[in-house]
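Listed below, chain by chain, are the residues.
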Amino acid sequence: MVPYHPLLSSSMPCTNIEQSSYLNATPTEVDYLVKNFTSSLRTTLDTVAPVKTKVSNQNYLTPWYNSQTRSLKQITCKLERTEDAVSIALHSVLSHLDNNNTYARMLFIDFSSAFNTIHPSQLIRKLTDLGISSLICKWLLDFLTNRPQHVRLDNRCSSTITMNTGVPQGCVMSPFLYSLFTHDCRPADGSNTIIKFADDTTVIGLISDNDETAYREEMDRLAEWCDTNNLLLNTEKTKELIVDYRRNADPHPPIHIKGTAVERVSSFKFLGVHISEDLIWTTNCSKLVKKAHQRLFFLRTLRKNHLSSDILVNFYRCTIESILTNCITVWYGNCSASDRKALQRVVKTAQRIAGAPLPAIKDIYRKRCLKRAGKIIRDPSHPSHGLFTLLPSGRRYRSLRTKTTRYRNSFFPTAVRLLNSAS
C-alpha cells in the first residue's frame with residue numbers, strides 16, 4: 001500500500017521510465033522514486049502544495065499529467081505571453097482609431113484577492129460544462145477543499161486553519177484554473193473587447209460617433225457577472241485610459257461601477273508596459289533606460305574584478321538587454337528618434353564596458369518581429385493568426401490597410417512588411 005491520489009491514474013507517464021520498474025516496488029522504493037522526480041512533477045502539479053493522499057493499491061500509481069490534461073491546458077493558453085496580450089489590445093485600438101470620429105476607452109480592472117475568492121464547487125460546475133472528465137473534476141474538488149494552511153516565521157508556526165475557498169497562491173495550476181473559471185466572461189457587443197491574462201482583465205470599448213451605450217452596458221454586465229461569480233471589483237485600483245486624437249472632442253464622462261466613479265489616468269502600466277493616452281512611448285522607454293543604467297553598475301563591477309568578455313556579454317544579455325527589449329515588438333516601432341537613441345546609448349556603454357560587440361536594439365527588434373510572426377503563423381489557434389493571410393501567389397502575405405503612421409508602425413503591419421521583404 002502506498003500514498004495515492006485519485007488523479008494519479010492516467011496511462012501516460014510524465015517521466016521516461018518503464019511501468020514494470022515500479023509496479024512491484026515496495027512503498028519505500030516508491031517514495032524514493034517520487035522524491036527523485038520532484039523536478040518533473042513540479043512542472044505539472046507544483047508539488048500540489050502538498051498533495052493530498054489516499055491509501056490504495058500501488059499498481060495504480062502512475063503520473064496523472066496525461067494527454068487529456070495537456071489538451072485541457074491549451075484551452076486557455078492562446079495568449080502565452082504578455083507580449084501577445086498587449087499587442088492584441090493595442091491592435092484593436094489602433095485599427096479602430098484609423099476610422100473617422102472614433103476613440104477608445106481602456107478599463108484596467110483590479111479584483112480584490114481574485115485567486116482567494118473562487119468557490120471550488122462553482123469552478124467544478126464550469127469545468128463540467130466545458131466537458132472536462134469527472135475524474136479530473138473530482139480530483140480538483142478534493143485538492144481545493146479542506147486545505148490546511150498556516151503561517152511560519154523562522155521556527156514559529158501559527159495555528160492551522162482549513163481553507164475551502166480559493167486556489168493556492170504560487171501553484172502553477174492557479175492561473176490556469178482561474179482562466180477556466182473566467183472563461184464565460186465575454187463581451188456581449190462586438191465593439192467591446194475583453195483581454196484576460198490570468199487575473200489581469202482589460203475591457204476595451206471602441207467608440208464611434210460618441211455612442212458609449214454598448215461600452216457602459218458592458219460594464220454593467222461585468223459587474224453583475226462578478227457578483228454572480230463571487231469576484232470583488234476594486235474600484236479604487238481600477239483605472240481607465242482614454243485614447244482620443246480628435247481635436248474638438250467633447251469631455252468624456254467617467255465610467256461608474258456600482259455608483260463609484262473610476263479614476264481616469266494619463267498613463268498605466270499594463271503587463272509591464274507603460275501605455276500613455278497619446279500612445280507615445282517616451283515614458284516606457286525612460287523607465288527601461290533608467291532600470292538598465294542601474295544594472296550597468298554591476299557590469300562595471302564585474303569588469304573591475306577582471307572577468308572575461310564572454311562572461312560580461314552573458315551578464316549583459318541576461319540582465320540588461322532583457323530589460324531594454326521587454327515586449328519590444330509592441331512599442332519600438334512607434335518610438336521617437338530620441339527614445340531610440342537613448343536605448344542605443346545604453347547598448348554602446350555596455351559594449352565599451354564588456355569590450356565586445358553587442359547587437360543593436362534595432363536589429364533585435366527586427367529579429368524578434370520575424371520570430372514572433374513565424375510562431376503566430378504556425379499556430380492556427382492563435383487569436384492573431386487570421387491577420388497573416390497569404391496572397392494567391394502563396395509567397396507573400398496580404399498587407400494590412402493602414403491610414404495613420406502610428407497604426408502602420410505597430411507590430412502586425414510591420415511584421416507583414418518584414419515577412420514580405422524577407423521572402
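Bear in mind that the values here come from a model prediction, so they are computed numbers and not experimental data. (Residues numbered from 1 in each chain as written. Predicted model: local features only at pLDDT ≥ 70, side-chain atom pairs only at ≥ 80, totals over all residues. Heavy atoms only, no water.)

Colleague: Please give an account of the state of the cysteines that cites residues and values.
Modeller: Under the criterion given, the structure shown has zero disulfides. We note that cysteine 226 lacks a disulfide partner, and the nearest cysteine sulfur, in cysteine 185, lies 6.5 Å from it. Residue class for cysteine 226 comes out buried when judged on its relative accessible area of 1%. (Disulfide = S-S within 2.5 Å. Buried < 20%, exposed > 50% of the residue type's maximum accessible area, 1.4 Å probe, protein only.)

Colleague: Quick rundown of the pairing of strand 10 (residues 239-243)? Include the residues and the values.
Modeller: Residues in a regular strand project their side chains so that they alternate between the two faces of the sheet. Counting buried positions over the five residues of strand 10 gives five, a clear majority of the element. Residues Lys239, Leu241 and Val243 line one face of strand 10 and the alternating positions Glu240 and Ile242 line the opposite face, and both faces are buried. Pairing geometry for strand 3 (residues 102-109) and strand 10, over five bridges, is antiparallel. Looking at the pairing, phenylalanine 108 lines up with lysine 239 of strand 10. Judged from the two bridges that link them, strand 10 and strand 13 (residues 263-264) form a sheet pairing that is parallel. (Helix = DSSP H or I, 4+ residues; strand = E, 2+ residues; numbered from the N terminus. Pairing = 2+ DSSP bridges.)

Colleague: Please give an account of the packing of aromatic side chains that cites residues and values.
Modeller: Under the counting rule described, the total for this entry stands at nine aromatic pairs. For the ring pair phenylalanine 108 and phenylalanine 270, a centre distance of 5.4 Å and an interplane angle of 50° mean the geometry is tilted. Of this pair, phenylalanine 108 sits in strand 3 while phenylalanine 270 is found in strand 14 (residues 267-270), placing the two residues 162 residues apart along the sequence. Summarising the burial analysis for this pair, phenylalanine 108 and phenylalanine 270 share the class buried. The structure contains a cluster of three or more aromatic residues connected by ring pairs, namely Phe108, Phe268 and Phe270. Across the ring face of tyrosine 245, the terminal group of arginine 406 is positioned such that the distance to the ring centre comes to 3.7 Å. (Phe/Tyr/Trp six-rings, centres within 6.5 Å; stacked < 30°, edge-to-face > 60°. Lys NZ or Arg CZ within 6 Å of the ring centre and 35° of its normal.)

Colleague: Account for the packing of helix 14 (residues 361-378) against helix 16 (residues 411-422), with residues named and values stated.
Modeller: For the pair helix 14 and helix 16, interaxial distance at closest approach is 9 Å and the crossing angle is 95°. It follows that helix 14 is roughly perpendicular to helix 16 by the angle criterion. Within the contact between the two elements, helix 14 uses Tyr365, Arg366, Cys369, Leu370, Arg372, Ala373, Ile376 and Ile377 and helix 16 uses Phe411, Phe412, Thr414, Ala415, Leu418, Leu419 and Ser421. Looking at side-chain class alone, the contact of helix 14 with helix 16 contains eleven nonpolar, two polar and two charged residues. (Axes fitted to C-alpha atoms, helices over the stretch in contact; angles between N-to-C directions. Parallel < 35°, antiparallel > 145°, perpendicular 65-115°, else oblique. Contact = heavy atoms within 4.5 Å. Nonpolar A, V, L, I, M, F, W, Y, C, P; charged D, E, K, R; others polar.)

Colleague: Outline the sheet that holds strand 13, listing residues and values.
Modeller: If you walk across this open sheet you meet the five strands as 8-9-3-10-13, and the pairing is mixed. Looking at which strands have only one partner, the edges of the open sheet turn out to be strand 8 (192-197) and strand 13. As paired elements, strand 3 and strand 9 (residues 200-208) share eight bridges and run antiparallel to each other. Residue pairing in the sheet places tyrosine 103 in a bridge with isoleucine 207 of strand 9. Helix-sheet contacts for helix 5 (residues 82-97) involve strand 3, strand 8, strand 9 and strand 10, and the interaxial angle to strand 9 is about 10°.

Colleague: Help me get a handle on a positive patch on the surface, residues and values and all.
Modeller: Among the surface-exposed residues, Arg300, Lys304, Lys341, Arg345, Lys348 and Arg352 lie close enough to one another that they form a single positively charged patch. Of all the secondary structure elements, the ones that give two or more residues to the positive patch are helix 10 (282-304) and helix 13 (337-354). Here the element with the most residues in the positive patch is helix 13; it accounts for four residues. Its location among the elements puts arginine 300 in helix 10. For arginine 300, a relative accessible area of 38% corresponds to the partly exposed category. (Patch = residues over 30% accessible without salt bridge, like charges linked within 9 Å, V, L, I, M, F, W, Y side chains within 5 Å. Areas by Shrake-Rupley, 256 points an atom, 1.4 Å probe, with all protein chains shown as cover. Salt bridge = Lys/Arg side-chain N within 4 Å of Asp/Glu carboxyl O. Lys, Arg positive; Asp, Glu negative; His and termini not counted. Charge placed at Lys NZ, Arg CZ, Asp CG, Glu CD.)

Colleague: Quick one: what's the story with the pattern of salt bridges, residue by residue and with numbers?
Modeller: Inspection of the entire model under this criterion finds eleven salt bridges. Residues arginine 216 and glutamate 212 are paired through a salt bridge, measuring 3.0 Å at the closest nitrogen-oxygen approach. On the basis of relative accessible area, arginine 216 is assigned to the partly exposed category, the value being 24%. In this structure, lysine 239 engages glutamate 263 in a salt bridge whose closest nitrogen and oxygen atoms are separated by 2.4 Å. Of this pair, lysine 239 sits in strand 10 while glutamate 263 sits in strand 13, and the two are 24 residues apart along the sequence. By relative accessible area, which is 16% here, lysine 239 ends up buried.

Colleague: An account of the packing of helix 10 against helix 13 is requested, with residue identities and associated values reported.
Modeller: At a closest axis distance of 10 Å, the pairing of helix 10 and helix 13 adopts a crossing angle of 5°. In terms of their interaxial angle, helix 10 and helix 13 are classed as roughly parallel. Here Thr282, Cys285, Val289, Ala292, His293, Leu296, Leu299, Arg300 and Arg303 of helix 10 come into contact with helix 13, specifically with Asp339, Ala342, Leu343, Val346, Thr349, Ala350, Arg352 and Ile353. Residues that form the contact of helix 10 with helix 13 fall into these classes: ten nonpolar, three polar and four charged.

Colleague: Before we move on, can you summarise the pairing of strand 15 (residues 273-276) with the specific residues and values?
Modeller: Neither face of strand 15 is open: one carries Val273 and Ile275, the other His274 and Ser276, and all of them are buried. In the sheet, strand 14 pairs with strand 15 via four bridges, with the strands oriented antiparallel. The residue of strand 15 that forms the bridge with lysine 269 is histidine 274. The hairpin turn running from strand 14 into strand 15, its antiparallel successor, is two residues long, and leucine 271 in that turn takes a positive phi close to 55°.

Colleague: Which residues make up the nonpolar core, and what values go with them?
Modeller: Of all hydrophobic cores here, the largest spans 63 residues; its most connected members are Trp281, Leu324, Trp331 and Phe388. It is helix 5 that provides the largest number of residues to this core, a total of eight residues. Of the residues that make up this core, three or more belong to each of domain 1 (67-113 + 177-276) and domain 3 (281-422). When near neighbours in sequence (up to four residues on either side) are disregarded, tryptophan 331 contacts Val273, Trp281, Asn284, Cys285, Leu288, Leu324, Asn326 and Leu343. (Core = buried A, V, L, I, M, F, W, Y, C linked by side-chain atoms within 4.5 Å. Domains from an automatic or database assignment.)

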